[in-house]
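Here is how the chains run, residue by residue.
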Amino acid sequence: MQIKISARHGHLSEDTQQFIREKMEKLLRYFERLTLIDVTVDLKNDPQKLVEVIVSAEHKHDMVARESNSDILAAVDLVVDKLERQISRYKEKIQDHRRRQSLGEVTSAPTPEPGEE
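Residues numbered from 1 in each chain as written. Predicted model: local features only at pLDDT ≥ 70, side-chain atom pairs only at ≥ 80, totals over all residues. Heavy atoms only, no water.

1. Quick notes on the nonpolar core
One recurring pattern in soluble globular proteins: nonpolar side chains tend to sit buried together.
At step 1: The biggest cluster of nonpolar side chains holds 26 residues, and the ones touching the most others in it are Met-24, Leu-27, Val-39 and Val-53.
At step 2: Counting residues per element, the ones that place at least two in this core are strand S1 (2–8), helix H1 (14–25), strand S2 (34–42), strand S3 (49–57), strand S4 (61–69) and helix H2 (72–94).
At step 3: Contact partners of Val-39, with chain neighbours within four places excluded, come to Lys-4, Ile-5, Ser-6, Ile-20, Met-24, Val-51, Glu-52 and Val-53. (Core = buried A, V, L, I, M, F, W, Y, C linked by side-chain atoms within 4.5 Å. Buried < 20%, exposed > 50% of the residue type's maximum accessible area, 1.4 Å probe, protein only. Helix = DSSP H or I, 4+ residues; strand = E, 2+ residues; numbered from the N terminus. Contact = heavy atoms within 4.5 Å.)

What follows is the structure, encoded as structure tokens:
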């Protein structure tokens, strides 16, 4: 999995980038087939910082979450919560919970038990 972190209208400290990277790696607990996480932090508006995350899963399915807050770390936490819910719903959707009969169970006729004739 690849994590890309970029900042608009400013620069992120190394500690902030490491915090974001650690938070994004935790998303793998929910769905291990994530291919790319693209994090964009917009620092243009002085009081509010905007964090946007695009998560790409297998089979070209993207999940997007945005959050703005005065604290970048709080905004990252809120975005991760949103993405956890989206990933959980996506995983539930793609899993097949129906039990399918094996080919042997479908094609074979029921065998009579001894003494049942």
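2. Quick word on unusual backbone geometry
At step 1: Positive phi values are uncommon outside glycine, yet His-9 reaches one of about 60°.
At step 2: When you line up the elements, His-9 lands in the loop between S1 and H1.

3. Regarding the sheet that holds S3
At step 1: Here four strands make up an open sheet; going across it, the order is S1-S2-S3-S4 and the pairing mixed. With partners counted over all chains shown, the strands left at the sheet margins are S1 and S4, one partner each. With strand direction ignored, the average angle separating the axes of adjacent strands in the sheet is 15°.
At step 2: Judged from the nine bridges that link them, S3 and S4 form a sheet pairing that is antiparallel. Bridge assignment links Lys-49 to a residue of S4, and that residue is Asn-69. (Pairing = 2+ DSSP bridges. Axes fitted to C-alpha atoms, helices over the stretch in contact; angles between N-to-C directions.)

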